[in-house]
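So the chains spell out like this:
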Amino acid sequence: MAQCKETAKEFIEDVFSPMVAVLCSAEVETVCQKNGLSFVELIQPFCRLTSEAHIRDPNNVSHPVRNLHIVVHDMNAHLPQNILAKKLLNDVVSNSLPQHSADIMQNNVVTVNNHDLQLDATTPWFEAYRSAFLQIAYPSDHEFLRHYLACIFVVSSSNADPIEQFVKLTHQQSIQQNQQPHKLPKWFMPNILRYYVLVHDVMEQEEAKAETVYQNLKAKYGVLSCHLLHINSRLPASATSGPSDSVNMPNPWSRFIAQKQEMSESAEFESFLRPGDEENDEFPTHVNEGSLQSVSTDVDLALEATEYDSSSSSSQVICHPLGPDSEVLYDPLTSDTDSAVSISSQFTANHAGSKPSADSSGLRCGSRSVPLGVCLTLSDHERLRIFINEFIVKGLISWAEKSIRTLNDQLTTRKGLHRSLFSATKKWFGGSRQTNPAIITNSTNVVYTSDAPEMQMRRLADLAFMFQLYELAYQIYHSAKKDFNNDHAWLHYAGAMEMACLSVFMQDSTNQRQYPLHYMETTITTYLAACKVPHFATRATLLSTEVLKAKGLFAEAAMQFIKMTSEESDLRSALLLEQAAHCFVKMKPPMVRKYAFHMILAGHRFNKSGQKRHALRSYAQALQVYKGRYWSMAEDHINYTIGCQSFNLKQFDVATSALKHLLSANSQQSLPQQTAFLREYLSVFKQLASQAPDDEERELPELPLPIVESNAIKVLCASNAGLIQQDCLGLRIQATGVSFNTTDAENVRFARLEELIVSSISGPPSSSAMSFRPTIQCFTRTSNNTTSPVIAVEEPVTIEVTVINQLKVTLVLRDIRLLWRFTPDECGNAEKAFYSNEQSSNTPKVDKNVILSTPLSEVLLEGSETKQVCISLIIRMMGQLQITGLAYNIGCMSTSGQLLTSAVPDSVSLALGNSSVSAVLPPFSGANSSSLSSPILVSGKVHLEVQGPRLNSTKDERLGKMYGPDKRLNLIITDKMPKLEVFFREFPASLFTGQVCQASVELVNTGHRPLHNVFVATSNPEFLTFSSSPRKPETSEKQADDVGYSSDVIHRHDVTLVTKLDVTSPLDPGSSLVIPMWIRSPDVPGDHVIDFLFYYEPAEAVPHCRHRVLRHTAQLTVHPSLNIRAICGRMVNTGAADQAEDIYRSTNSVFVSLEVENICNVPSAPSLCAVQTLCLSEDWMIKEINSSALKQDVSIGVQECQLFTLKAVKCLHNSDKSSSNALKLSTVSCASDASKTNIPKYISIDFFFRANLGESSKSSRLAPSSFRFVSDLSSANGAESSLAGKLEKSFIFDLNLIIQWQAAKTDGNGATDAIVGQHHLTLNQLHTLITSPLQAKLPIDLPPIRFTSSHLPMLLLEPSSELLSQLVRFSFCYQCEAMHDFSQRRLCIVPVTVHLYNCTSVPVYVDVDTQAGHGRSTVSTSRNQHLQPYNPLFQGHPTRSFTWSGLTVTRIHLLPYCGQSICLKACFVTSGVYDLGTLQVLAFPAGDGDGISIQPTVQRLLSPALMTVHSRS
């Protein structure tokens, strides 16, 4: 908290020091003026007793008197009138504040409740105001503390008759003291101390004459009342050589003498009295508090308020309320100016409370400019000190001691009688009850004569208090206050109580009496409520608060300060509120928020009183508490007020900084208020920017709006593409390339494709592949920014900057451009280090042809909107380019949608807690009438700086905040390079599943150098194939079908993921090339994304770049077309007599059943037609079963199916068998004209290989889970020769089918287009249903995994139930129809032969159970419960029941690939249709089964055995 220079006791002693008047002759003033001083000013620094003196009380007890200070005034000087007093108080407060803001806040940082507050170490403005306020107070008749105790008469020895002059001066003083009515100054008592001083100039007068006069003076007035003072009035020899020779001489007058202002005295006083006539200046020289209206007669207003009625022609002269009624005081408007100024100068010079001189050794302003005390030597200083010491000790203290004794004796005699009479009167008339002065509304007019006992008591108490007899003073004050209370003399009562309280405090610490705080509280209340004298209440508050602070009672002191605040005086209220705030922060615990709140109130009152600098300081102090504490409304109020005051003080940098905080993102102000804030900020910012000289180039200032998200900056090294054009050759789609909307997932996908191309070019993974870095074309916060972007000369680079408007106001950004710094490579121009487009005095001008950029004309940012701003640059020189910032002109839109101008501001309300302060925004810009309609646009910039990723590798990086490099804004400009543009022609937007169409790719070199080695990689290589030769006519394409292919043998060829395009020679700049491309749509309907990555290399080496890439992402919508289901099985026994032929047919031929369904779901869905079927296999070929049925054109409508069956025959291998890459191609036509597909065979087969390539990672679709599980585990355990391996091998075969189809599609214009396609099927298991497209299978719940080693081999080697159900194929040989007369014979017996065939390479046992359909089964295992009796394509519906005769169970042993027949008899009891498949055939491998116990498994019947029995009757 701010500390005072004096302690509380020292302050009280100085306030109530004995007052002494001085009356000098004209000759004395002439002598003193040789030293630049008056006589009063001459002795002013020596008016404190330096030694200890003693005084006796009425009981003759001696008491020490220490550091006694006397106040010396010229008797002829008048105290300033109310208007001049107000000016003095304002000036003393404003002049006590340092001029520079750095001096306002001392280095006094205090940590309070997590607040680091920089508080004022001292408050010299408050001390100066307090001292001046107490000194200019007029003396009152109810107390004698401001009355003169003595008068010093001073005459020069140069006078013709000094003794006569002393007599005249004494007579003059006596007339003034005894005149009626009494006039100022007032005297303590009739018998005051008169002291006579003879001043002798040792350089001009004779010493003998002075000694003679002095002796006569002592004989006339007494030895103790006279003094001879020798002074020097001639410059010493050292002073004549120069002022520097006397610089070491002490100057004790500097702290008492204030310099006068340089302006003329008359003009200064006149301008103060009439502020309306003052020159209209934005920063007036004089500060006026309050409104200058009618003048009040209140005591406080008389001392502090400056009132002026502009409607009246003359001002009223107000007499001091406490002065004599008949006294005509000095009229500042009618008296001459010189007298007024002399009075003001006298007051300033005589009071120590005024502001010390700014120049300690300066010259006085006046008719003469003489250094202070220039003729006085150290001996003269000592003579002055001795003179004051003798006057105080021998004269003043002795007189006081006698006066105290005399007054005490008089009171002892007179007070006794007075008390006895008064007590009797009160006893009879009930006057003993005391009255509370707080409830008195009007002061009682009690008048005491000067010699009344009550006034004598007060005179005695005041005299004892001034001479440090505090115990005596307390006793008398305490006794007098009772009498004043009884008389209802509230002013006297309050004064006595005030001094009684101070007397207790001023006593030594040995006194056990408690400090009566309630005395001072009652005193202040009485002054305010009963007496209506706020001036004395203010004095009591100033004294009481010093006592309370000395005792540590800061809460009580703060309450007293706050109690004295009112609307009567803004300056006084501001100072007291500030002191209350310091008391709050000094409390235990400190009340920081109350400190800040009262500093705000003090700043508001300072502002109202015209103390702009103090208001700014107070608000800055309060901001330390509210800043960053989520008190947004209070913080806005403080910042706005600081901006106002700083602007008025022309501190534009401080105003800009304060108003900048009003534009924060968490502002809770309304839209009109934010608009007003932004307008004022722009106006002040414009003023700040205009301060620099016009002829000096300067850098753009930084602006707080809008916010730029630096880490969100993106750098695009490629031009935007993806255009769709329509030319004479059809639809032309440009490659999409890279944009700012490219996601990280897309970058990862294309990085894999680029790595795939680089690996395919460089060979197997090596060190070069390990150091692969993907090409980054769009640098973002998530990309690898450790390397700088590389840009080719003459190619554009686009910067995307994300700007955020955190306000609700619409911002207008105009002329947006990038700021950069370009350093060219060494090319003979070394004298220019770098170029920059930002205006600066040390940066060379940049040639417009070096970097081309077009600024954005205008961007509107709505309230709370985030927008991306894109600006492109084209660099025409090699070098390094650094993006440094974003420059723009900013304005704001009003609520009506118009660009704001510097018009008259609106009224906004700034809420503060539960109250609101309505403030009319001042026109900060100071614009004249010609600029009121001009829009407010401010030029500025925002610095762009990106931060790299947080490092987290080492311990130091994890513990500290360390970030990696980010070079996305540091661009490398390399030499000219080739640039590839790719256009897709006739690329479809939607297809049917399996549809095949033809398109083309056009390669165009738009760069400046040739390119070669063009590669392309796609994310879906199974959907695309590029022809190895350019497009040929249709006739030659049919011939090309046979090129490289045989009619029955196809050689497998490697299908790579990377394709090198047929660019035989380097593609020169401006050249183009068209390459055919075939597309087959995916088998899964829906939306598909196909990524293309084109890789190319410059034909000539270019620094910083070995290759370039171009991206393209195609969107393809796929609609369903066909759903093909296929199943294959062994041929059914036809009942041939030759069993060997049946065995061969069963072993080397299978049937293939195909079901084609049209599942199109688009409007106007076309009818599809299967055209032909191609088979690729090492061992099998397909043939027609019925050629006439397949050669018919069958149109399959929507939701219709076509079923046809083919036969696959196993080929006989020759001794000159082809390699394993040879596949046999067989074709079966399903229509009359198979050439309608228009798909070349090599394209069709290539798509088949690509489909397998695409499904290689999804091998689960090629075989059922049961067979795959066995084979995988068997091979994994090395048990291919086990039972499970042998059984599995018996059922695996290779059969690949390509079903080609065609359709006719009608577009919206009625045109019909032929569409073709193909589906792929891979059959490798018998009796397993395969679909195309493959259908996802539901997950199978497997048993929990067991890690027991004993059970693991058995689980892995046991054949699956699916495999065990197909060990034996069986069929029935019977008479399909039978005629029987059931009337003749009740039972019809039909012979049935069952043919059994072992389909495996291991012997098996077969059990034929004829009673299984009658409720008995030999096997009831869980593995048989899921089996279907027939093929899913041939579901039968048997009727009625029958029975078998003969053996119920027959067991047969079948060798590998051998068969056997058994004869059975079926018995029917009635006519009908019967299914003979009710018997159950069970089989299991013969032998031990590798130690695995295998139970008999029910075998699957491939086809139903239906028989019809007719009744002959």
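Residues numbered from 1 in each chain as written. Predicted model: local features only at pLDDT ≥ 70, side-chain atom pairs only at ≥ 80, totals over all residues. Heavy atoms only, no water.

Draft legend 1. View of the environment of Leu376. Among the structural elements, Leu376 can be located in the loop between α12 (337-350) and α13 (378-429). Of the residues examined, Leu376 reaches a relative accessible area of 3% and is grouped as buried. Between the alpha carbons of Leu376 and Asn35 there is a distance of 7.4 Å; along the sequence they are 341 residues apart. (Helix = DSSP H or I, 4+ residues; strand = E, 2+ residues; numbered from the N terminus. Buried < 20%, exposed > 50% of the residue type's maximum accessible area, 1.4 Å probe, protein only.)

Draft legend 2. Seen up close, the side chain of Thr538. When you line up the elements, Thr538 lands in helix α18 (residues 534-550). On the accessibility criterion, Thr538 (1% relative accessible area) is buried. A distance of 3.4 Å separates polar atoms of two side chains, one belonging to Thr538 and the other to Arg572. (Polar contact = N/O pair within 3.5 Å; in protein donor to acceptor, adjacent residues only side chain to side chain.)

Draft legend 3. The nonpolar core, seen in detail. Core analysis: the largest hydrophobic core is formed by 153 residues, its most contacted members being Ile12, Phe39, Phe391, Phe465 and Phe467. Ranked by the residues each element gives to this core, the list is headed by helix α16 (residues 490-506), at 13 residues. Once residues within four sequence positions are removed from consideration, Phe39 is found in contact with Val22, Cys24, Val28, Glu29, Cys32, Val154, Val199, Leu229 and Phe387. With 72 residues, the next largest nonpolar core counts Leu1168, Leu1363, Phe1372 and Ile1462 among its residues. (Core = buried A, V, L, I, M, F, W, Y, C linked by side-chain atoms within 4.5 Å. Contact = heavy atoms within 4.5 Å.)

Draft legend 4. View of helix α21 (residues 592-608). For α21, built from 17 residues, the straight-helix expectation of 24 Å at 1.5 Å per residue is met to within 8% by its first-to-last C-alpha distance of 25 Å. Within α21 the residues assigned to the buried category are Val592, Tyr595, Ala596, His598, Met599, Ile600, Ala602, Gly603, Arg605 and Phe606. In the stretch just after α21, Gly610 is the one whose phi turns positive, near 90°. (Expected span 1.5 Å × (residues − 1).)

Draft legend 5. A look at the pattern of salt bridges. Across all of its chains, the model carries 37 salt bridges by this definition. A salt bridge links Glu680 to Arg679; its shortest N-O distance comes to 3.4 Å. With respect to burial, Glu680 and Arg679 carry one shared label: buried. A salt bridge links Glu1002 to Arg732; its shortest N-O distance comes to 3.3 Å. Here Arg732 lies in strand β13 (residues 730-734) and Glu1002 lies in strand β29 (residues 995-1005), a separation of 270 residues in the sequence. Residue Glu1002 is classed as buried on the basis of its relative accessible area, which comes to 9%. Relative accessible area serves as the criterion here: at 13%, Arg732 is assigned to the buried category. (Salt bridge = Lys/Arg side-chain N within 4 Å of Asp/Glu carboxyl O.)

Draft legend 6. Summary view of the packing of aromatic side chains. Summed over the entire model, instances satisfying the criterion amount to 33 aromatic pairs. Joined through ring pairs, the aromatic side chains of Phe153, Phe166, Tyr196 and Tyr221 make up one cluster. In this structure, Arg130 is placed above the aromatic ring of Phe11, and the distance from its NZ or CZ to the ring centre is 3.9 Å. The ring of Phe144 carries the charged tip of Arg459 above its face, separated from the ring centre by 4.2 Å. (Phe/Tyr/Trp six-rings, centres within 6.5 Å; stacked < 30°, edge-to-face > 60°. Lys NZ or Arg CZ within 6 Å of the ring centre and 35° of its normal.)

Draft legend 7. Representation of the pairing of strand β26 (residues 970-974). The sheet contact formed by strand β15 (residues 790-792) and β26 spans three bridges and is parallel. Its bridge partner lying in β26, Ala792 is registered against Thr974. In the sheet, strand β22 (residues 879-892) pairs with β26 via four bridges, with the strands oriented antiparallel. Bridge assignment links Gly879 to a residue of β26, and that residue is Ile973. (Pairing = 2+ DSSP bridges.)

Draft legend 8. Seen up close, the environment of Ser1290. Within the element layout of this structure, Ser1290 appears in the loop between α34 (1283-1289) and β43 (1292-1306). On the accessibility criterion, Ser1290 (9% relative accessible area) is buried. For the pair Ser1290 and Cys1399, spaced 109 residues apart in sequence, the C-alpha to C-alpha distance is 7.1 Å. Setting aside residues up to four positions removed in sequence, Ser1290 forms contacts with Arg1130, Cys1399, Thr1400, Ser1401 and Tyr1457.

Draft legend 9. Local environment of helix α8 (residues 207-221). Between its first and last C-alpha atoms α8 spans 21 Å; for 15 residues at 1.5 Å apiece the expected length is 21 Å, and the two agree. Within α8, the full set of buried residues consists of Ala210, Val213, Tyr214, Leu217 and Lys218. Angular distribution of buried residues about the axis of α8 spans 140°; they occupy a single face of the element. Facing away from the buried side of α8 by more than 90 degrees, the exposed set consists of Ala208 and Ala219. Where α8 is buried, its residues touch α7 (162-178), β8 (193-201) and β9 (226-231). Among the residues trailing α8, Gly222 stands out with phi positive, at a value near 100°. (Arc of directions from axis to C-beta.)

Draft legend 10. Inspection of the side chain of His1380 at higher detail. By the element assignment, His1380 lies in strand β47 (residues 1377-1380). Its relative accessible area of 12% is what places His1380 among the buried residues. At 3.4 Å, the side chain of His1380 and the backbone oxygen of Leu1387 are in polar contact. When near neighbours in sequence (up to four residues on either side) are disregarded, His1380 contacts Arg1385, Leu1387, Cys1388, His1510, Ser1511 and Arg1512.

Draft legend 11. Spatial organisation of the environment of Val942. Here Val942 shows up in strand β25 (residues 938-943). Separated by 237 residues in the primary sequence, Val942 and Leu705 place their C-alpha atoms 8.3 Å from one another. Contact partners of Val942, with chain neighbours within four places excluded, come to Leu703, Pro706, Val708, Thr884, Gly885, Leu886 and Tyr888.

Draft legend 12. Structural view of the sheet that holds strand β30 (residues 1011-1018). Spatially, the five strands line up as an open sheet ordered β28-β36-β35-β30-β33, and their pairing is mixed. Two strands lie at the open edges of the sheet, namely β28 (990-992) and β33 (1058-1060), each paired on one side alone. For this sheet the average axis-to-axis angle between neighbouring strands, irrespective of direction, equals 30°. (Axes fitted to C-alpha atoms, helices over the stretch in contact; angles between N-to-C directions.)

Draft legend 13. Up close: the state of the cysteines. Taken as a whole, this structure holds zero disulfides when the rule is applied. Among the cysteines around Cys717, which has no disulfide bond, Cys778 carries the closest sulfur, lying 8.0 Å off. (Disulfide = S-S within 2.5 Å.)

Draft legend 14. Focus on the packing of helix α19 (residues 554-563) against helix α20 (residues 570-586). Relative to each other, α19 and α20 sit at 160°, their axes nearing to 8 Å. Between α19 and α20, the angle is such that the two are roughly antiparallel. As α19 packs across α20, the resulting crossing turns out to be left-handed. Counting all contacts with α19, which are made through Phe554, Ala557, Ala558, Met559, Phe561 and Ile562, the residues of α20 involved are Leu576, Leu577, Gln579, Ala580, Cys583, Phe584 and Lys586. Of the residues belonging to the contact of α19 with α20, the class tally is 11 nonpolar, one polar and one charged. (Parallel < 35°, antiparallel > 145°, perpendicular 65-115°, else oblique. Left-handed = near helix turned anticlockwise from the far one by under 90°. Nonpolar A, V, L, I, M, F, W, Y, C, P; charged D, E, K, R; others polar.)

Draft legend 15. Representation of the sheet that holds strand β54 (residues 1480-1485) within the structure. Strand order in the open sheet made by the four strands is β51-β49-β54-β55, with antiparallel pairing throughout. A strand with exactly one partner marks an edge of an open sheet, and here the two such strands are β51 (1449-1454) and β55 (1497-1498). Across two bridges, β54 lies against β55 in antiparallel orientation. Residue pairing for β55: Ala1483 is matched across the bridge by Thr1497.

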